[in-house]
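# Analysis of the macromolecular model
What follows is the residue order along each chain.
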Amino acid sequence: MEKNVIQVHEKLPFWESLPLSLQHLFAMFGSTVLVPVLFGVDPGTILLMNGIGTLIYIFITKGKIPAYLGSSFAFISPVFVVLGRYSGLEGYSYALGGFFAVGVILVIIGLIIKAVGTGWLDLIFPPAAMGAIVAVIGLELVPTAAQMAGFIAPADATTDWAMDPKTVTVSLLTLAITIVCWVTLRGFLKIIPILIGIISGYIIAFFAGLVDFSTVKEASFIALPTFYSIKFNWSDILAIIPAALVLVPEHIGHTMVTGNIVGKDLTKDPGLDRSFLGNGISTILSSLVGSTPNTTYGENIGVLAITKVYSTWIIGGAAVIAIFLSFFGKFAALISSIPTAVMGGISLLLFGMIAVSGLRTLVEAKVDYDKSRNLILTCVVLVVGLSGATIQLGSVPLKGMGLATIVAIILSLFFKLLDVLKLSNEK
């Protein structure tokens, strides 16, 4: 553990791997469980299939991409539309048909990329655009972290909302402890600052009266995940598949930022095609048993950046623990009892690290901002991604990083067309 970096292929002893895997589990847990809670389905089912899906993804990508697959937020709006058309859980069954179709789309994209290669990535994602897109991935999540930390009002807040001193204090202390541990501890402890911060924050939150153990008391020790039947209806499928337009640029962006962090071009080895295939196949399998579509998680990318532990064995360990928790209700409930304030303090750091990774891309690529096209690309991507501008694709809102990515592609192709037609005023 004296090394500064643990690379993708490296395997650590079990007792060192366990807390590192727990860090990844804690980082993704709140978000990935929130999706099934909103849909009114069993979180255990989603935990089970996210864990299995992550293991499938690691296998298909030959153990070379350290990515955890969690529940995608891109499907919340369209699924609510489908759920509103039916009574009970029948609507969720038809939503699963849409999830299946999205998985097929991801697989097809993977096969197309395998056939045509990844040379087009350099054309549509020059460094001036890619660095800005990665920065947007982190920066657009910061307000969510700030809400969790109690600094700004949530979307459903009343007009008399005010900061809660307890929430803010817990989030700040959690953040402070994590930072202090990160910059002062040595050896093995240096790479588990997030875990230390979460545990410390949990203890502080307990004494502040912010921990609710009611769900832990009510949860069963052992409970089998619920499996839901899948049904197909074209109108419901068409309501959901536009979310793939959000998932695709998100997947490309996450793969590239993960590559920047680990110092390898993951789009070439093991390949973006394998990454899409892994995501698509795991989503298809998830839909067949009643789980939500999978996507790579920004929270876990942030953990990679902070700890410099890139081992896919650690990610696989988190997946195995998630599968274990899907059958043990009290353990899952205990993790879900971590107060929002604690995760808010941690998330401020995680999401900020992703944004900094984008800035690092711009610096390391030595982007020349004397060229107007580079200045325009970075500027427009940041403005569009952070402006809150939204385009509705049926019931799916396209905004933030997804919209910024599409704008970046259009601009990059436009500048290339000017070069081909020799209309550009720059060399």
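None of these values were measured; they are calculated from a predicted model. (Residues numbered from 1 in each chain as written. Predicted model: local features only at pLDDT ≥ 70, side-chain atom pairs only at ≥ 80, totals over all residues. Heavy atoms only, no water.)

## Topic: the overall build of the protein
Spelled out, the test is: Only runs of H or I of at least four residues qualify as helices and only runs of E of at least two qualify as strands under DSSP, and these elements are numbered from the N terminus. Based on C-alpha atoms, the radius of gyration is set beside the globule rule, defined as 2.2 Å times the residue count to the power 0.38. Three labels apply to residues, based on accessible area from a 1.4 Å probe with only protein chains included: buried if under 20% of the type maximum, exposed if over 50%, partly exposed otherwise in between. Note that accessible areas follow from Shrake-Rupley with a 1.4 Å probe, and for residues the cover is restricted to the protein chains shown. The sign given to each residue is positive for Lys and Arg and negative for Asp and Glu; His and the chain ends receive no count. Note that the charge is assigned to NZ on lysines, CZ on arginines, CG on aspartates and CD on glutamates.
Secondary structure assignment for the protein yields 19 helices and four strands. Relative to a compact globule of 427 residues, whose C-alpha radius of gyration would be 22 Å, the protein shows 21 Å and is just as compact. Dimensions along the principal axes, computed over C-alpha positions, put the protein at roughly 70 × 55 × 50 Å. For the protein, the proportion of its 427 residues judged to be buried stands at 55%. When the accessible surface of the protein is totalled, it reaches about 18400 Å², and 69% of it is carbon and sulfur. The average position of the 24 basic charges and that of the 23 acidic charges among the side chains of the protein differ by 8 Å.

## As for the nonpolar core
Just so we agree on the cut-off: Here, the term nonpolar core denotes a set of buried Ala, Val, Leu, Ile, Met, Phe, Trp, Tyr and Cys residues that are joined through side-chain atoms within 4.5 Å. Any two residues whose heavy atoms approach within 4.5 Å are treated as being in contact.
Phe 75 and Tyr 92 are the most contacted members of the largest nonpolar core, which totals 116 residues. If you tally residues by element for this core, the top one is helix α17 (residues 340-364), at 10 residues. With near-sequence residues (within four places) excluded, Phe 75 lies in contact with Phe 39, Phe 99, Val 102, Ile 240, Ala 243, Leu 247 and Pro 293. If you look at the next biggest cluster of nonpolar residues, it comprises five residues, including Ile 56, Ile 60, Leu 277 and Ile 284.

## Things to note about the packing of aromatic side chains
Here is the rule: Only Phe, Tyr and Trp rings take part, Trp by its six-membered ring, and two of them pair if their centres are within 6.5 Å. Stacked means planes under 30 degrees apart, edge-to-face means over 60, and tilted covers everything else.
The final tally for this structure, using the stated rule, is 12 aromatic pairs. Centre to centre, the rings of Tyr 86 and Tyr 94 are 4.7 Å apart; their planes meet at 15°, and the pair counts as stacked. Under the relative-accessibility criterion, Tyr 86 is labelled partly exposed at 23%. You can call Tyr 94 buried: its relative accessible area is 15%. With centroids separated by 5.6 Å and ring planes inclined at 85°, the aromatic side chains of Phe 100 and Phe 232 adopt a geometry described as edge-to-face. Within this pair, whereas Phe 100 is found in helix α4 (residues 90-116), its partner Phe 232 is found in the loop between α10 (214-218) and α11 (234-240), the two being separated by 132 residues in sequence. According to the relative accessible area criterion, Phe 232 is partly exposed, its value standing at 49%. Put simply, the rings of Phe 39, Phe 75, Phe 80, Tyr 92, Phe 99 and Tyr 228 pair up and form one aromatic cluster.

## Details of the environment of Ser 291
Its place among the elements puts Ser 291 in the loop between α13 (267-289) and β2 (294-296). Ser 291 sits in the buried class, given a relative accessible area of 0%. Through-space distance from the C-alpha of Ser 291 to that of Asp 42 is 9.0 Å; in sequence the pair is 249 residues apart. Sequence-distant contacts of Ser 291, defined by excluding residues within four places in its chain, comprise Thr 45, Ile 46, Met 49, Asn 50, Tyr 92, Leu 96, Phe 99 and Ser 286.

## Observations regarding helix α1 (residues 14-39)
The criterion, for reference: For a helix, the expected span equals 1.5 Å multiplied by the residue count minus one. To get the bend at a residue, fit one axis to the 7 residues ending there and another to the 7 starting there, then take the angle between the axes.
If you check α1, its first and last C-alpha atoms are 36 Å apart, about what 26 residues at 1.5 Å a residue would give, namely 38 Å. Most pronounced at Phe 29, the bend in α1 amounts to some 45°. One or two steps after α1, the chain reaches Gly 40, where phi turns positive at roughly 75°.

## Considerations on the pattern of salt bridges
Put simply, the rule is: Salt bridge, as used here, is a side-chain nitrogen of Lys or Arg placed within 4 Å of a carboxyl oxygen of Asp or Glu.
One pass over the full model with this rule turns up six salt bridges. Residue Asp 269 pairs with Lys 64 through a salt bridge whose shortest N-O separation is 2.9 Å. Residue Asp 269 is found in helix α13, and its partner Lys 64 is found in the loop between α2 (43-60) and β1 (69-71); the two are separated by 205 residues along the sequence. For Asp 269, a relative accessible area of 40% gives the class partly exposed. The exposure class assigned to Lys 64 is partly exposed, which follows from its relative accessible area of 29%. Arg 373 is the partner of Asp 419 in a salt bridge, and the nearest nitrogen-oxygen pair spans 2.9 Å. With Asp 419 in helix α19 (residues 400-420) and Arg 373 in helix α18 (residues 372-387), this pair connects stretches of sequence that are 46 residues apart. By relative accessible area, Asp 419 is classed as partly exposed at 34%. The class for Arg 373 is buried, based on a relative accessible area of 17%.

## Overview of a nonpolar patch on the surface
The following threshold applies: Excluding any residue in a salt bridge, patches collect residues exceeding 30% relative accessible area, merging like charges within 9 Å and nonpolar Val, Leu, Ile, Met, Phe, Trp and Tyr side chains within 5 Å.
Residues Leu 34, Val 37, Leu 38, Phe 73 and Phe 80 make up a contiguous nonpolar surface patch of about 430 Å² in total accessible area. Among the elements that take part in the nonpolar patch, α1 stands out by supplying three residues, more than any other. By relative accessible area, Phe 80 is classed as partly exposed at 38%.

## As for the packing of helix α6 (residues 127-139) against α17
To be explicit about the condition: Axis lines are fitted through C-alpha atoms, for helices just across the contact stretch, and the angle between N-to-C directions can take any value from 0 to 180 degrees. An angle below 35 degrees is read as roughly parallel, one above 145 as roughly antiparallel, one from 65 to 115 as roughly perpendicular, and any other as oblique. Each residue is assigned to one class: nonpolar for Ala, Val, Leu, Ile, Met, Phe, Trp, Tyr, Cys and Pro, charged for Asp, Glu, Lys and Arg, and polar for all the others, Gly among them.
Where α6 contacts α17, the axes come no closer than 7 Å and their chain directions differ by 170°. In this view, α6 runs roughly antiparallel relative to α17, as classed from their interaxial angle. On α17, the residues touching Pro 127, Ala 128, Gly 131, Ala 132, Val 134, Ala 135, Ile 137, Gly 138 and Leu 139 of α6 are Phe 351, Ile 354, Ala 355, Ser 357, Gly 358, Leu 359, Thr 361 and Leu 362. Taken together, the residues that form the contact of α6 with α17 break down as 12 nonpolar, five polar and no charged.

## Digging into the packing of α6 against α19
Between α6 and α19, the least distance of the axes is 9 Å, while the angle of their chain directions is 170°. Between α6 and α19, the interaxial angle falls into the category roughly antiparallel. Where α6 abuts α19, its residues Ala 129, Ile 133, Val 136 and Ile 137 lie against Gly 400, Met 401, Thr 405 and Ala 408. Split into classes, the residues belonging to the contact of α6 with α19 amount to six nonpolar, two polar and no charged.

## Some thoughts on the side chain of Ser 286
Along the chain, Ser 286 falls in helix α13. Apart from residues lying up to four places away in sequence, Ser 286 is in contact with Met 49, Ser 291, Thr 292 and Asn 294.

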